[in-house]
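So the chains spell out like this:
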Amino acid sequence: MSDQRVDTGLPLALPLARPAESFRLLWRHTGGHRAFVWLVGIAGLLAAVAGLVAPWMIGWLVDVLLAAGDSGTSGTGTSISTSTSTSTSTGTSDVDPAAAVWWAAAAVAGAGLIAAACSWAGQAWLARAAEPTVAGLREAVMDRALRIGSARLDGAETGDLVSRVAEDAREVSQAATTVVPLVVQSLFTVVVSAAGLAAVDWRLGLVGLLAVPMYWTTLRWYLPRSGPIYREERAAFGTRASRLLGGITGARTLRAYDAQGPELERIHAASAQARDLSIGVFGFLTRAFSRNNRAEAVVLGAILGTGFLLVSAGYITAGAVTTAALLFHRLFNPIGALVGMFDQVQSAGASLARMAGVVSLPVPERTARLHGGTLELAGISHTYDDGTPALHEVHLTIGPGEVVAVVGTTGAGKSTLAQIAAGLAAPTSGTARLGGIELVEAEPGSLREHITMVSQEVHGFATTVAENLRVARPEADRAALQAALESVGAGWAAHLPQGLDTEVGEGGYRLDPMQLQMLALARVALADPQLVVLDEATAEASSAGARRLDVAAARVLDGRSGLVVAHRLSQAVAADRILVMSAGRIVESGTHEELRAAGGHYAELSRAWFGD
């Protein structure tokens, strides 16, 4: 009889952060690693400057060889006469061609070594900055996901959160370690090469500026369209991950009902959408590349044509035109890389926005300390974010040592009431207090000291039995762990292959549902809270284990206050008081005998369960 929400078909999405928020989060997590970021920039600048050497040396060699040909050393006696006087005036006519080749080769080789060293150092420094930053981001997402409360996460797809922690973090990490150095180097190469082009000849520099409006037109076409495309692609990846995760975790249920076919169709549909979006992104990027190629072809032709006219008029040398053409040609790869990597930058930005969106979720400041006492729920109403009403004006008081059971049909609001009573969800209206202090204002550690909840969905962590128990009290020694297990009748734990040191969970010893529930109840005994909330905590057991779990739950409740959402009516009989809920309201209240005698809804349930 678990509480269910109305399925609107539209799960609540986790938020996306704005670009400014994402950048602030990223900058904050660079922390003490910012010096490496500056070193990466310096290395990129030096590599870009070293890249100018080859075009300059080749242009210089052209002038040297032309000058040597004009002076007759080539043996042909022919040359471009318009360049003779100019090349001679530059002092290249008296340079030995063979020596010039060796000097140029040495300069190019030296510059190549410098550029390689700078690239290597930049990669190493970037790793020192990027990896700790991404690790910090991933931990921040997990920290916020664990602290915002189950009520907020219940409205979102589990796969979406997993995708943000795994795929989005990987996307940001890959961008930081592979894309960023290329972007930095490409930017410096573009700036330095453009400056070098202008230094060769201002007229050729002006011709090179023709590329700016053409590239700008491409960016204006590209930027407004790219952001939504990449955001949609990342969202589709999250949906695909959610579908795959659901199919894997629900494999047994699917096989039990022979429902693999419909689920595979849903997985296929999600995968197909992600695939089609990725293909669309590739086509979109190809169109952007074609626009850049057009700009490069047009402007390079203009530089060569202008250079021919200037050389013919004797204003510059052929070597200068060669240098200018090579410098502009040198812009092709970095500009293409900037556009080509922009999809990865955009994708990484979308991933960062998804991670920052989780981190931006508000966590209320809770500083009040609880001191025990009576649990009071006054005028509690609750509506979920999707508009589903759950509770309406519920009033409930549970005194010290009192155990109250809650029964009702599916959707009556029982689990919502349990979450509010445990301080895991804040009511839309009304107040929930323990000892006069509102639960929504209680410091989390203090809240967990006084109230512990066990739900139907019990999780076994992939670690030892001992560490599974120490979730409730990390400092507990072996004797305390053993005592907690014995208190709930879980003596079987001592007979596991390695006793309390047996690895359980994924990849370890497989515990059955009853054993997992007993571990959860043992955690409660170890935590020793004042109030225990059991939300169908024994529902997963088979009929053979149900009695054992009922006894274990009764032992945990002994001497403590309790709110028990009863899966079986037999769990409610021993309670001090029983509440019957319907449509988010308490419609009956009393002991087992009182409610049977009243002849209401509980009496009908009792006759159906126990017989006349």
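Residues numbered from 1 in each chain as written. Predicted model: local features only at pLDDT ≥ 70, side-chain atom pairs only at ≥ 80, totals over all residues. Heavy atoms only, no water.

Some words on the pattern of salt bridges
For step 1, the next point in the chain: Scanning the entire structure with this criterion turns up 11 salt bridges.
For step 2, the next point in the chain: Residue Arg-369 pairs with Glu-443 through a salt bridge whose shortest N-O separation is 3.0 Å. Taken together, the residues Arg-369 in the loop between helix H14 (332–359) and strand E1 (375–383) and Glu-443 in the loop between strand E5 (437–438) and helix H16 (444–450) connect sequence positions 74 residues apart.
For step 3, the next point in the chain: Judged by relative accessible area, Arg-369 falls into the partly exposed class, the value being 41%.
For step 4, the next point in the chain: On the basis of relative accessibility, which here comes to 26%, the residue Glu-443 falls in the partly exposed class.
For step 5, the next point in the chain: Salt-bridge contacts for Glu-402 lead to Arg-577; the nearest nitrogen and oxygen are separated by 2.9 Å. With a gap of 175 residues between them, Glu-402 in the loop between strand E2 (389–398) and strand E3 (403–408) and Arg-577 in strand E9 (residues 577–582) connect regions that are remote in the sequence.
For step 6, the next point in the chain: Connected through salt bridges with shared partners, the residues Arg-369, Glu-443 and Glu-449 form a single ionic network. (Salt bridge = Lys/Arg side-chain N within 4 Å of Asp/Glu carboxyl O. Helix = DSSP H or I, 4+ residues; strand = E, 2+ residues; numbered from the N terminus. Buried < 20%, exposed > 50% of the residue type's maximum accessible area, 1.4 Å probe, protein only.)

Digging into the nonpolar core
For step 1, the next point in the chain: Among the nonpolar cores identified, the biggest contains 44 residues, and Val-407, Leu-469, Leu-485, Trp-492 and Leu-534 are the most heavily contacted of them.
For step 2, the next point in the chain: Of all elements in the fold, only E3, helix H17 (465–469), helix H18 (478–487), helix H19 (513–527), strand E7 (531–535), helix H20 (543–557) and E9 reach the threshold of two or more residues within this core.
For step 3, the next point in the chain: Looking at this core element by element, the count peaks at 8 residues for H19.
For step 4, the next point in the chain: Once you skip the residues sitting within four places of it in the chain, Trp-492 turns out to touch Leu-511, Gln-515, Met-518, Leu-519 and Arg-548. (Core = buried A, V, L, I, M, F, W, Y, C linked by side-chain atoms within 4.5 Å. Contact = heavy atoms within 4.5 Å.)

Section: the layout of surface pockets
The gaps left among the atoms become clear once a water-sized probe is rolled over them.
For step 1, the next point in the chain: Computed from the structure, the second largest pocket encloses a volume of approximately 1,000 Å³.
For step 2, the next point in the chain: Along the walls of the second largest pocket sit 35 residues, with Phe-23, Leu-26, Val-180, Val-345 and Leu-352 positioned nearest its centre.
For step 3, the next point in the chain: Broken down by secondary-structure element, the contributors of at least two residues to the lining of the second largest pocket are helix H1 (19–30), helix H2 (34–50), helix H5 (97–147), helix H8 (167–200), helix H10 (211–249) and H14.
For step 4, the next point in the chain: At 8 residues, H14 tops the list of elements feeding residues into the lining of the second largest pocket. (1 Å grid on protein atoms, 1.4 Å probe; cavity = no way out; pocket = protein on both sides within 12 Å on 5 of 7 lines; lining within 4 Å. Points joined across faces, edges and corners; volume = space filled by probe spheres on them.)

As for the pairing of strand E4 (residues 429–434)
For step 1, the next point in the chain: Examined bridge by bridge, E1 and E4 share 5 bridges and lie antiparallel to one another. When the bridges of E4 are listed, Ala-378 appears paired with Thr-431.
For step 2, the next point in the chain: Examined bridge by bridge, E4 and E5 share 2 bridges and lie antiparallel to one another. Paired with Leu-434 across the strands is Ile-437, a residue of E5. (Pairing = 2+ DSSP bridges.)

Structural notes on the side chain of Thr-189
For step 1, the next point in the chain: Mapped onto the secondary structure, Thr-189 falls in helix H8.
For step 2, the next point in the chain: You can call Thr-189 buried: its relative accessible area is 9%.
For step 3, the next point in the chain: Beyond its immediate stretch of four places on either side in the chain, Thr-189 contacts Ala-48, Arg-330, Leu-331 and Pro-334.

Examining the packing of aromatic side chains
For step 1, the next point in the chain: The tally for this structure, following the rule as stated, stands at 2 aromatic pairs.
For step 2, the next point in the chain: On the basis of an interplanar angle of 10° and a centroid distance of 6.5 Å, the ring pair of Phe-23 and Trp-27 is categorised as stacked. Placement of both Phe-23 and Trp-27 in helix H1 is noted, with a separation of 4 residues, approximately one turn of the helix.
For step 3, the next point in the chain: Owing to a relative accessible area of 40%, Trp-27 belongs among the partly exposed residues under this scheme. (Phe/Tyr/Trp six-rings, centres within 6.5 Å; stacked < 30°, edge-to-face > 60°.)

Considering the sheet that holds E7
For step 1, the next point in the chain: Taken together, 6 strands build an open sheet; the order of strands is E6-E7-E8-E3-E9-E10 and the sheet is mixed. The open sheet has two edge strands, strand E6 (451–455) and strand E10 (585–590), and neither has a second partner. Here the strands of the sheet are splayed against their neighbours by 15° on average, with no regard to which way each runs.
For step 2, the next point in the chain: Both E9 and E10 contribute to a ladder of 5 bridges, which runs antiparallel. Residue pairing for E10: Met-581 is matched across the bridge by Ile-586.
For step 3, the next point in the chain: Those strands touched by helix H15 (residues 414–421) are E3, E6, E7, strand E8 (561–565) and E9, and its axis lies near 155° from that of E8. (Axes fitted to C-alpha atoms, helices over the stretch in contact; angles between N-to-C directions.)

Here's the deal with the sheet that holds E1
For step 1, the next point in the chain: Within the open sheet, the 4 strands sit side by side as E2-E1-E4-E5. Their pairing is antiparallel. Each edge of the open sheet carries a strand with a single partner, namely E2 and E5.

Overview of the packing of H2 against H8
How two helices pack is summed up by the angle between their axes together with the distance between the axes.
For step 1, the next point in the chain: Direction vectors running N to C along H2 and H8 enclose 45°, while the axes themselves pass 8 Å from each other. The pairing of H2 with H8 is recorded here as oblique in orientation. Handedness of the H2/H8 crossing: right-handed. In this structure, H2 uses Val-40, Gly-41, Gly-44, Leu-45, Ala-48 and Val-49 to contact H8, whose residues at the interface are Val-184, Phe-188, Thr-189 and Val-192.
For step 2, the next point in the chain: Of the residues in the contact of H2 with H8, the class split is 7 nonpolar, 3 polar and no charged. (Parallel < 35°, antiparallel > 145°, perpendicular 65-115°, else oblique. Left-handed = near helix turned anticlockwise from the far one by under 90°. Nonpolar A, V, L, I, M, F, W, Y, C, P; charged D, E, K, R; others polar.)

Looking at a nonpolar patch on the surface
For step 1, the next point in the chain: A cluster of nonpolar residues, Trp-202, Leu-206, Leu-209 and Val-212, forms a patch on the protein surface that exposes about 440 Å² of accessible area.
For step 2, the next point in the chain: On the secondary structure map, Leu-209 appears in the loop between helix H9 (202–208) and H10.
For step 3, the next point in the chain: Judged by its relative accessible area of 49%, Leu-209 falls in the partly exposed class. (Patch = residues over 30% accessible without salt bridge, like charges linked within 9 Å, V, L, I, M, F, W, Y side chains within 5 Å. Areas by Shrake-Rupley, 256 points an atom, 1.4 Å probe, with all protein chains shown as cover.)

Keep in mind that these numbers describe shape and distance, not what the molecule does.
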